[in-house]
Amino acid sequence: MATLNSSSTLSSTFYLTGIPGYEEFHHWISIPFCVLYLVGITGNCTILHIVRTDPRLHEPMYYFLAMLSLSDMGMSMPTMISLFRVLWSISREIQFNICVVQMFFIHTFSFTESTVLLAMAFDRYVAICHPLRYATILTPRLITKIGIAALLRSAFAMTPILVRLAFFPFCHSHILSHSYCLHQDMIRLACADTMFNVIYGLILVIVLWGMDSLGIFVSYMCILHSILRIASREGRLKALNTCASHICAVLILYVPMIGLSIVHRFAKHSSPLIHVFMAHVYLLVPPVLNPIIYSVKTKQIRQGVLHLLFPTKISSAMM
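Since this is a predicted model, take the numbers as computed values, not measurements.

Participant: Describe the UniProt feature "transmembrane region" (unreviewed entry) in the protein, listing the residues and the values that go with them.
Facilitator: Within the UniProt annotation, "transmembrane region" (unreviewed entry) is assigned to residues 28-51, 63-88, 94-122, 142-167, 198-223, 244-267 and 273-293. Taken end to end, residues 28-51 is 100% helix and 0% strand, and its two terminal C-alpha atoms sit 36 Å from one another.

Participant: Lay out the packing of helix α2 (residues 26-53) against helix α12 (residues 299-309) with the relevant residues and their values.
Facilitator: Two elements in contact, α2 and α12, have axes whose closest approach is 10 Å; the angle formed by their N-to-C orientations is 100°. It follows from the interaxial angle that α2 and α12 lie roughly perpendicular. Residue-level inspection shows Thr-46, Ile-47, His-49, Ile-50 and Val-51 of α2 in contact with α12, the latter providing Ile-301, Gly-304, Val-305 and Leu-308.

Participant: I'd like a rundown of the nonpolar core, residues and numbers included.
Facilitator: Core analysis: the biggest nonpolar cluster contains 70 residues, and Leu-117, Leu-165, Phe-170 and Met-186 have the highest contact counts within it. Counting residues per element, the ones that place at least two in this core are α2, α3 (60-76), α5 (96-129), α7 (140-165), α9 (195-228), α10 (233-266) and α11 (272-297). By residue number, the principal contributor to this core is α5, which donates 14 residues. The next biggest cluster of nonpolar side chains, apart from the first, holds nine residues, and it includes Phe-33, Phe-84, Leu-87 and Val-276.

Participant: Residue-level account of the packing of α2 against helix α4 (residues 80-87), with values.
Facilitator: At a minimum axis distance of 9 Å, the contact between α2 and α4 shows a crossing angle of 160°. By the angle between their axes, α2 is roughly antiparallel relative to α4. For α2 against α4, the interelement crossing comes out left-handed. Here α2 contributes His-26, His-27, Ser-30, Phe-33, Cys-34, Tyr-37 and Ile-41 to the contact with α4, which in turn contributes Met-80, Leu-83, Phe-84, Val-86 and Leu-87. Its residues assigned to classes, the contact of α2 with α4 shows nine nonpolar, three polar and no charged.

Participant: So what about α3? Which residues, and what values?
Facilitator: Taking 1.5 Å of rise per residue, 17 residues should cover 24 Å, and α3 covers 25 Å from first to last C-alpha, within 8% of that figure. Counting buried residues in α3 gives 15 out of 17 residues, a clear majority hidden from the surface.

Participant: Explain α5 to me, and be specific about the residues and the numbers.
Facilitator: Its 34 residues place the ends of α5 49 Å apart at the C-alpha level, agreeing with the 50 Å of an ideal helix rising 1.5 Å per residue. The element α5 is largely enclosed, with a buried count of 24 among its 34 residues.

Participant: Before we move on, can you summarise the pattern of salt bridges with the specific residues and values?
Facilitator: In this structure the tally under the stated criterion is four salt bridges. The salt bridge partner of Asp-212 is Arg-153, with a shortest N-O separation of 2.9 Å. Here Arg-153 lies in helix α7 and Asp-212 lies in helix α9, a separation of 59 residues in the sequence. For Asp-212, a relative accessible area of 1% puts it in the buried group. Under the relative-accessibility criterion, Arg-153 is labelled partly exposed at 26%.

Participant: Account for a nonpolar patch on the surface, with residues named and values stated.
Facilitator: Taken together, the side chains of Tyr-22, Phe-25, Trp-28, Ile-31, Val-35, Val-39, Leu-273, Leu-289, Ile-292 and Val-296 define a hydrophobic patch exposed on the protein surface, amounting to about 920 Å² of accessible area. Elements supplying a minimum of two residues to the nonpolar patch: α2 and α11. One can find Tyr-22 in the loop between β1 (13-15) and α2. The exposure class assigned to Tyr-22 is partly exposed, which follows from its relative accessible area of 38%.

Participant: Give a description of the side chain of His-174 that names residues and reports values.
Facilitator: Residue position: His-174 is located in the loop between α7 and α8 (183-186). A distance of 2.8 Å separates the side chain of His-174 from the backbone oxygen of Thr-13, its partner in a polar contact. At 2.5 Å, the side chain of His-174 and the backbone oxygen of Phe-170 are in polar contact.

Participant: Give a description of the state of the cysteines that names residues and reports values.
Facilitator: Summed over the entire model, instances satisfying the criterion amount to one disulfide. Two residues, Cys-99 and Cys-181, share a disulfide whose sulfurs are 1.8 Å apart. Taking the torsion about the S-S bond as the criterion, the Cys-99 to Cys-181 disulfide, at about -110°, is left-handed. Of this pair, Cys-99 sits in helix α5 while Cys-181 sits in the loop between α7 and α8, and the two are 82 residues apart along the sequence. Pair check on accessibility: Cys-99 and Cys-181 agree, each one buried.

Calculation criteria
- Residues numbered from 1 in each chain as written.
- Predicted model: local features only at pLDDT ≥ 70, side-chain atom pairs only at ≥ 80, totals over all residues.
- Heavy atoms only, no water.
- UniProt positions renumbered as here; feature names shortened; annotations may be inferred.
- Helix = DSSP H or I, 4+ residues; strand = E, 2+ residues; numbered from the N terminus.
- Axes fitted to C-alpha atoms, helices over the stretch in contact; angles between N-to-C directions.
- Parallel < 35°, antiparallel > 145°, perpendicular 65-115°, else oblique.
- Contact = heavy atoms within 4.5 Å.
- Core = buried A, V, L, I, M, F, W, Y, C linked by side-chain atoms within 4.5 Å.
- Buried < 20%, exposed > 50% of the residue type's maximum accessible area, 1.4 Å probe, protein only.
- Left-handed = near helix turned anticlockwise from the far one by under 90°.
- Nonpolar A, V, L, I, M, F, W, Y, C, P; charged D, E, K, R; others polar.
- Expected span 1.5 Å × (residues − 1).
- Salt bridge = Lys/Arg side-chain N within 4 Å of Asp/Glu carboxyl O.
- Patch = residues over 30% accessible without salt bridge, like charges linked within 9 Å, V, L, I, M, F, W, Y side chains within 5 Å.
- Areas by Shrake-Rupley, 256 points an atom, 1.4 Å probe, with all protein chains shown as cover.
- Polar contact = N/O pair within 3.5 Å; in protein donor to acceptor, adjacent residues only side chain to side chain.
- Disulfide = S-S within 2.5 Å.

Written out as structure tokens, the structure is:
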């Protein structure tokens, strides 16, 4: 009975991994991670505050930007507690149910962010190709529906494979490759037929990310076609400049995402450091860089940030 209880306890407990080979430096390594999380949370909260409080930013483009900030935080913040518990040598243990919840948030908001980027591409398409109909097409009601649909689509898509995990026996190693839980990392530990999860996960990536990336590509082909018809060089550059931040956001999400997928599927026997590095880039780079890019490239956001930092000077300058 004691053995059975021990086995049952073991089956529901997993062990997270920090930076392999650098365990003695974990406390020092935690410093740059603290800085990155602080920058990401501060930047995205600043974007949300500016969009909420500035009436001039109550437009479709900025509503989608607020959704992007929420997706960024939803994808990265669930990893924060478990990461620092490992790096600060508090505990490497994580219970199965907490692991599943963490996976749900990471993967759901990852897919949601991809859909939000598609919506932002559509926003740029309407603004450039149909500027006179912009306000009538992208109404607040439609924007709300897009946001809810993006979240529900991702959540429902992730539910089957996460529910199925509850029925897998984990009778081998319970040591995960990262300081947080990822689905592709968890299923390799199961001693059962995981073919459904593998195939479903692959189809999910191809269909959801594929549809979103195809939609973004088609939107930009239409945008480019419309921009090339603008007579003046200044007009073409101005139109392209309005898309620069969004193009950067797309690359920041998709390049690490594709890289992590390739590493997990085709480089399973490569150095563990590569897996850890790619996973952290995938989860931390978008939340950190997106607010910086939009603050630098978008005049209204930049003015909002400056107004928060120097309210007296900015107010007097505007007067």
